[in-house]
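Next come the chains, spelled out residue by residue.
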Amino acid sequence: MVWFRAGSRVAKLAVRRTLTQSGSYVARATGSPAQSRCFQTTVFRSKAQSAPVPRPVPLSRLTDSFLDGTSSVYLEELQRAWEQDPNSVDESWDNFFRNFVGQATTSPGISGQTIQESMRLLLLVRAYQVYGHMKAKIDPLGLEERTIPDDLDPGLYGFSEADLDREFFVGVWRLSGFLSENRPVQTLRAILTRLEQAYCGNIGFEYMHIADHEKCNWLRDKIETPTSTQYSRDRREVILDRLIWSTQFENFLAAKWTAAKRFGLEGCETLIPGMKEMFDRSADLGVESIVIGMSHRGRLNVLGNVVRKPLRQIFSEFSGGTKPVDEVGLYTGTGDVKYHLGTSYDRPTRGGKRIHLSLVANPSHLEAVDPLVVGKTRAKQYYSNDVDRTKNMGILIHGDGSFAGQGVVYETLHLSALPNYTTGGTIHIVVNNQVAFTTDPTAGRSSQYCTDVAKALSAPIFHVNGDDVEAVVHACELAAEWRQTFHTDVVVDIVCYRRFGHNEIDEPSFTQPKMYKVIRNHPSAAEIYQKKLLESGQVTKEEIDKINSKVLSILNEEFLASKDYVPKRRDWLSAYWAGFKSPEQLSRIRNTGVKPEILKNVGKAITTLPETFKPHRAVKRIFEDRARMIESGEGIDWAVAESLAFATLLVEGNHVRLSGQDVERGTFSHRHSVLHDQETGERHCPLDHVIMNQDEEMFTVSNSSLSEFGVLGFELGYSMENPNSLILWEAQFGDFANGAQVMFDQFLSSGEAKWLRQTGLVVLLPHGYDGQGPEHSSARMERFLQMSDDNPFVIPEMDSTLRTQIQECNWQVVNVTTPANYFHVLRRQIHREFRKPLIVMAPKNLLRHKDCKSNLSEFDDVEGHPGFDKQGTRFKRLIKDQNYHSDLEEGIRRLVLCSGKLYYELDEQRKKADAKDVAICRVEQLCPFPYDLVQRELKRYPNAEIVWCQEEPMNMGAYSYIAPRLGTAMKALKRGNVDDIKYVGRAPSAATATGFYMVHTKEQNEIVHKATQPEPINLSHTA
């Protein structure tokens, strides 16, 4: 084994070593600038070089820990100080000198060892702990050219070949591994041999960036063991069996479907036995459920071999598959390609336990599923009362290019330690192909490793050679043990290769000719392991052939069965979702009113503060005003209505969770769901005290990190676990939601159609034009409406007893104008037999608008009260004109349909202009379009010109969505068509709004004046 570098350099260092008695010392940084931050070592100069005279060491430095001391001058000063007064130095130095002096007198073999040699030996051990991974043999192809740091050269520390068989006193420390108390005296050769085995083998350990001695010591105990990890014959047979299954599965698919895309695992087949062993170990340590997220590379292998999706079903999908047979109530959606689908399974483990595995469906956006997995895991922990976060765990499988390149990885990592987002640690596995699609690492990242981003979390990183299945298994087991011990994230970086291109019909040699020349002749991991076992004599060729035959036989049986495979109705909902309706099943419409006494009781609870609590005086006034609202039953504002919705749902036993940036107070200082004592800083949340002995997480409101993509994904994953919960995410401003556009496009708008997964997630997007400029005006409602899948030219069944309109639509988009209607639309999310996402264009200036108030009687279920109509008390999809018009008003010359806060401005201008012949109706639910109610208003005003009025530019807002549907409704009543709709609003624009307040005011005035003008409106389509 070669430890020392070029002989001339070693000779020079050896000479320097002989000068320790008479030379002067000066500290010199070694290695690259990045490396020199960690260590310094001592270089010797002759006196003729005019070296600086050592200066006295300040007493304050004498209390440093020995691990921080590096220069010989420093050591000598410390030793002199210790000899004069042992209490003058840090306890670690006192132990060092005391043990060193005692050991030197009792062990003649080390009597020639100096304090400096001992310290330099410690630095050498530490250098291996820090830099050993850079010398580790982790590239199965041997192509990576890495510079081995000088810090790993013993010659740098003054040692030579002659020292190899000298015994050295390493010390007795309160540390682990080589610096443990069990092995104080060893030869340099023994120390170096074991350091190489531990840190420079087929696993490279990165953990010295972790600033926690307990964690580092735990890892040292696992890494710096007296002998390497050895598996028994039985374990090796299990590992071999799992590796053969992984390999044969890919070979079988390649043979049967040669031209099909499958994104196979060839080159990283060891992932499968690694995952299985990780799951087995996790189950032994108390894990009962694992949520898995991964992209398409190796997904089919994981589905078939790990999560146990029926192989015949996978093979049937390769052959084209068929949609499930017709069945009453069956909703099959659009489906998705086979390598995007998910499934779940209760898997038996090697230790005799069972563990529930869920593989979350995901799109081709490689890391987009990451926060969903974490959110779903957190939800599982809540519903299973897993307060220690040891029974439910998330595992994310990444690609090397995406782990380094996708920002959502970082956003997800940074949720890991936040109190309301932590899951007690996620295990990250990187399938490191050493190439992205066609991009080399040098063009794909700036860091040395693709996993360097995880260092920000102080997560340990295990780089492992993907050809060594036992090393992969060991790293995976160690990751499971770390997670269950320290409840933080950990990364396993499987350095492997991709035997074929990005997909099987891609030609990788176009861009990586050198790599693929090596790969063509490279044996598979299974071949390597079989050869190893045969040479060890633990397994015979007959036994290996028997396993291969068994696996191939089962694969062939499943292939034959796939030809007659008929998909059954998919078990697409967990036990919590039993009884919920699919889009083709009729669901009963329920009322959302609440008994008056319950409203009063919860209203008192959410407006009462503890007597000893001292809120800010302005907040105190707000809560006093809220208490008067509840007491009088009048003037209920937006924030109180929201709190009443949350509180009544809590009383009914539902979990409520609201998160987003600044949601505790609210962006516009309106919510104040968490109060802060002005003297003690103590926090108080009134909604935590609605019912007796309320679980502290039953209502959760949490300010999030400054992330949209990651946090929205987390809440989406959370909402998918259990339907009996109201999960909300609020953007700081609606404009900022486009930072999470992938979540809206790939998951929220289309997840049910692609993967048959329902969610009732509520997204609150502050929206409204009030002069705040282009980035604080529009929530881009046009994008959500454009993604809606209802047919603009077909009026669906609208009878209230037969209506399935919302069930058949992909989501709901509302722009609500009263606190009571907001209360009901939130409660409607829970009080129905299905779940749909709800996109709310949330108000800004309506939060304190003098006319935007509701009476408590609009919230209750009492017949005769204002909110009660012939169907009961529920969300109003359209609010008719409030001037008490009859069912037929022939004298009305104009019907203005609008949405959102613009209504109040139109109504004010109507009053000023005394335009009593103008009716204004509010379309509260934009999507799906309320054809029945719009047609009711069209019939009410038979002679009115029809106007759509909005404050957004023509190419934005709801106009493009409303116009064809309103035209369809008009055509059915013979009231004209889409060409007869008059548009009032801003002209088309590239920016959402002007940045000049005076221009905004002028444009806004033009809109409301034109909508109420006495003259007919022309068809110029401008304001």
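Since this is a predicted model, take the numbers as computed values, not measurements. All residue numbers refer to position in the chain's written sequence, counted from 1. The predicted nature of this model means local features are confined to residues of pLDDT at least 70 and side-chain atom pairs, given and counted, to a pLDDT of 80 or more, with totals for whole chains, interfaces and linings taken over all residues. In computing side-chain values, all of the structure's heavy atoms are included and hydrogens and water are not.

1. Some details on the overall build of the chain
Then step 1. By the criteria applied, helices consist of DSSP H or I runs no shorter than four residues and strands consist of E runs no shorter than two, each listed in order from the N terminus. Counting secondary structure elements, the chain contains 31 helices and 28 strands.
Then step 2. Relative accessibility under 20% of the residue-type maximum defines a buried residue, over 50% an exposed one, and the middle range a partly exposed one, all with a 1.4 Å probe and only protein chains included. When the 1023 residues of the chain are sorted by exposure, 59% land in the buried category.
Then step 3. When checking whether two residues touch, look at their non-hydrogen atoms; a contact exists if any pair is within 4.5 Å. Across the chain, every contact between residues at least 6 apart in sequence was considered, and the portion connecting residues at least 24 apart equals 79%.
Then step 4. Surface accessibility of the chain: about 41,200 Å² in total, with carbon and sulfur atoms responsible for 51%. A 1.4 Å probe and the Shrake-Rupley method give the accessible areas. Residues count as covered only by the protein chains that appear here.

2. Some points on helix H21 (residues 638-651)
Then step 1. To estimate the expected span of a helix, count its residues, drop one, and scale the result by 1.5 Å. The first and last C-alpha atoms of H21 sit 20 Å apart over 14 residues, in line with the 20 Å expected at 1.5 Å per residue.
Then step 2. Burial of H21 is extensive: 13 of the 14 residues sit out of reach of the surface.
Then step 3. Any N or O atom pair separated by 3.5 Å or less is treated as a polar contact, with the protein-specific requirement of one donor-capable and one acceptor-capable atom, and with residues adjacent in sequence counted only for side-chain atom pairs. Capping the start of H21, Asp-637 holds a side-chain oxygen 3.4 Å from the backbone nitrogen of Ala-639, two or three residues further along.
Then step 4. Gly-653 sits one or two positions beyond H21 and adopts a positive phi of about 95°.

3. Things to note about the nonpolar core
Then step 1. Core analysis: the biggest nonpolar cluster contains 140 residues, and Phe-744, Leu-765, Ile-839 and Trp-948 have the highest contact counts within it.
Then step 2. At nine residues, H21 tops the list of elements feeding residues into this core.
Then step 3. In this view, Trp-948 contacts Leu-897, Cys-898, Ser-899, Val-923, Leu-926, Ala-958, Tyr-959, Ile-962, Ile-981, Lys-982, Tyr-983 and Val-984; residues no more than four positions away in its chain are not counted.
Then step 4. In this text, buried Ala, Val, Leu, Ile, Met, Phe, Trp, Tyr and Cys residues form a nonpolar core when linked through side-chain atoms within 4.5 Å. Membership of the second largest hydrophobic core comes to 111 residues, among which are Phe-97, Val-130, Met-294 and Cys-496.

4. Re the environment of Ser-118
Then step 1. You can see Ser-118 is positioned in helix H4 (residues 115-131).
Then step 2. In the structure, Ser-118 is positioned 50 residues away from Phe-168 in sequence and 7.3 Å away in space, judged by C-alpha atoms.

5. Some remarks on the sheet that holds strand E27 (residues 945-953)
Sheet strands pair via backbone hydrogen bonds, and the direction of the pair is either parallel or antiparallel.
Then step 1. Pairing is mixed across the open sheet formed by five strands, whose spatial order is E23-E25-E24-E27-E28. Among the strands making up the open sheet, the edge pair consists of strand E23 (878-879) and strand E28 (982-986).
Then step 2. Should DSSP find at least two bridges between two strands, the strands are taken to pair. Of the strand pairs in this sheet, strand E24 (residues 894-898) and E27 are connected by four bridges, and their pairing is parallel. Of the residues in E27, the one forming a bridge with Arg-894 is Glu-945.
Then step 3. Axes, fitted as lines to C-alpha atoms, cover a helix only where it is in contact. Angles between the N-to-C directions of the axes lie from 0 to 180 degrees. Together, E24, E27 and E28 form the strand contacts of helix H30 (residues 959-972), whose direction differs from that of E27 by roughly 170°.
Then step 4. Relative to E28, helix H31 (residues 997-1012) is tilted by about 165°, and along the sheet it contacts E24, strand E25 (918-923), E27 and E28.

6. A look at the side chain of Glu-697
Then step 1. If you trace the backbone, Glu-697 turns up in the loop between strand E15 (683-684) and strand E16 (699-703).
Then step 2. A residue is classified by how much of its surface remains accessible, and Glu-697, at 16% relative accessible area, is buried.
Then step 3. Non-local contacts of Glu-697, meaning those with residues more than four positions away in its chain, are made with Arg-378, Tyr-382, Arg-389, His-655 and Tyr-718.

7. Notes on the pairing of strand E11 (residues 461-465)
Then step 1. Counting buried positions along E11 gives five out of five residues, so the element sits mostly inside the fold.
Then step 2. Relative to E11, strand E5 (residues 203-206) is paired through four bridges, and the arrangement is antiparallel. Within E11, the position partnered with Ile-203 by the bridge is Val-464.
Then step 3. Where E11 and strand E12 (residues 490-495) come together, five bridges link them in parallel fashion. Across the sheet, the residue bridging to His-463 is Asp-493, located in E12.

8. Things to note about the packing of helix H10 (residues 311-318) against helix H18 (residues 541-562)
Then step 1. Here H10 crosses H18 at 55°, and the two axes come no closer than 8 Å. If you check the angle between H10 and H18, you find them oblique. Helix-helix and strand crossings are classified by hand; for H10 and H18 the assignment is right-handed. Taken together, the residues of H18 that come into contact with H10 (itself represented by Leu-311, Arg-312, Phe-315 and Ser-316) are Leu-555, Glu-558, Phe-559, Ala-561 and Ser-562.
Then step 2. Classes in brief: Ala, Val, Leu, Ile, Met, Phe, Trp, Tyr, Cys and Pro nonpolar; Asp, Glu, Lys and Arg charged; the others, Gly included, polar. Of the residues belonging to the contact of H10 with H18, the class tally is five nonpolar, two polar and two charged. Convention used here: angles under 35 degrees read as roughly parallel, angles over 145 as roughly antiparallel, angles from 65 to 115 as roughly perpendicular, and any remaining angle as oblique. Whether a crossing is left-handed or right-handed is set by the direction in which the near helix is turned from the far one by less than a right angle, anticlockwise for left-handed and clockwise for right-handed.

9. A look at the sheet that holds strand E19 (residues 812-814)
Then step 1. In spatial order, the strands read E16-E13-E17-E18-E20-E19-E26; together these seven strands make up an open sheet with mixed pairing. With one partner strand each, in any of the chains shown, E16 and strand E26 (925-927) form the two edges of the open sheet. When the angles between neighbouring strand axes are averaged without regard to direction, this sheet yields 20°.
Then step 2. Contacts from H21 reach strand E13 (655-660), E16, strand E17 (725-730) and strand E18 (762-766), with the element oriented near 140° to E13.

10. Brief notes about the side chain of Thr-422
Then step 1. As for its position among the elements, Thr-422 is in the loop between helix H13 (407-413) and strand E10 (426-432).
Then step 2. Separated by 2.7 Å, the side chain of Thr-422 and the backbone oxygen of Ser-416 make a polar contact.
Then step 3. Apart from residues lying up to four places away in sequence, Thr-422 is in contact with Arg-378, Gln-381, Arg-389, Leu-415, Ser-416 and Ala-417.

11. Quick notes on the state of the cysteines
Then step 1. Note on disulfides: each one is a pair of cysteine sulfur atoms within 2.5 Å. In this structure the tally under the stated criterion is zero disulfides.
Then step 2. No disulfide involves Cys-809; its sulfur sits 3.6 Å from the nearest other cysteine sulfur, which is in Cys-927.

12. Side note on the pairing of strand E20 (residues 838-842)
Then step 1. With five of five residues buried, E20 is to be regarded as a mostly interior element.
Then step 2. Burial along E20 is two-sided: the face carrying Leu-838, Val-840 and Ala-842 and the face carrying Ile-839 and Met-841 are both buried.
Then step 3. The pairing of E19 with E20 spans three bridges and is classified as parallel. Counterpart to Val-813 in the pairing with E20 is Ile-839.
Then step 4. In terms of handedness, the path from E19 via helix H27 (residues 819-828) over to E20 forms a crossover that is right-handed. Note on handedness: a clockwise path from strand one over the helix to strand two, with the strands aimed away from the viewer, defines a right-handed crossover.

13. Things to note about the packing of H21 against H27
Then step 1. The N-to-C vectors of H21 and H27 enclose an angle of 25°; their axes lie 8 Å apart at closest approach. Here H27 runs roughly parallel to H21, going by the angle between their axes. By crossing handedness, the relation of H21 to H27 is classed as right-handed. Residues Trp-638, Ala-641, Glu-642, Leu-644, Ala-645, Phe-646, Thr-648 and Leu-649 of H21 touch H27, and the partners they reach there are Pro-819, Tyr-822, Phe-823, Leu-826 and Arg-827.
Then step 2. Its residues assigned to classes, the contact of H21 with H27 comprises 10 nonpolar, one polar and two charged.

14. Examining the packing of aromatic side chains
Then step 1. Aromatic pairs are defined between Phe, Tyr and Trp rings, using the six-membered ring for Trp, whenever the two ring centres lie within 6.5 Å; interplanar angles under 30 degrees are classed as stacked, those over 60 as edge-to-face, and all others as tilted. The final tally for this structure, using the stated rule, is 26 aromatic pairs.
Then step 2. Aromatic side chains Phe-252 and Phe-559 sit 6.0 Å apart centroid to centroid with 75° between the ring planes, which places their arrangement in the edge-to-face category. Residue Phe-252 is found in helix H7 (residues 233-256), and its partner Phe-559 is found in helix H18; the two are separated by 307 residues along the sequence. Considered together, Phe-252 and Phe-559 belong to a single accessibility category, that of buried residues.
Then step 3. Relative to Phe-699, the ring of Phe-646 lies with its centre 5.8 Å away and its plane at 40°, an arrangement referred to as tilted. With a gap of 53 residues between them, Phe-646 in helix H21 and Phe-699 in strand E16 connect regions that are remote in the sequence. Taken individually, Phe-646 and Phe-699 each receive the classification buried, so the pair is uniform in this respect.
Then step 4. Clustering of aromatic rings is evident, with ring pairs tying together Tyr-199, Phe-205, Tyr-207 and Phe-462.
Then step 5. Here, a charge over a ring is recorded when the distance from Lys NZ or Arg CZ to the ring centre is within 6 Å and its angle to the ring normal is within 35 degrees. Positioned above the aromatic ring of Phe-559, the side-chain terminus of Lys-256 is 4.5 Å from the ring centre.
Then step 6. One residue, Arg-922, lies across the ring of Tyr-903, its end atom 3.7 Å from the ring centre.

15. Re the pattern of salt bridges
Then step 1. Here a salt bridge means any side-chain nitrogen of Lys or Arg lying within 4 Å of a carboxyl oxygen belonging to Asp or Glu. In the structure shown here, the tally under the stated rule is 54 salt bridges.
Then step 2. With its nearest N and O atoms 2.9 Å apart, the salt bridge here joins Arg-242 to Glu-277. Here Arg-242 is found in helix H7, whereas its partner Glu-277 is found in helix H8 (residues 271-284), with 35 residues between them in sequence. Across this residue pair, the class does not change: Arg-242 and Glu-277 are buried.

16. Remarks on the confidence of the model for the chain
Then step 1. Taken residue by residue, the chain gives an average pLDDT of 85. The fraction at 70 or more is 85%.
Then step 2. pLDDT is a residue-level measure of predictor confidence that goes from 0 to 100. Contacts from residues 7-70, a stretch scored under 50 in pLDDT, to residues over four places away or in other chains number 103 contacts.

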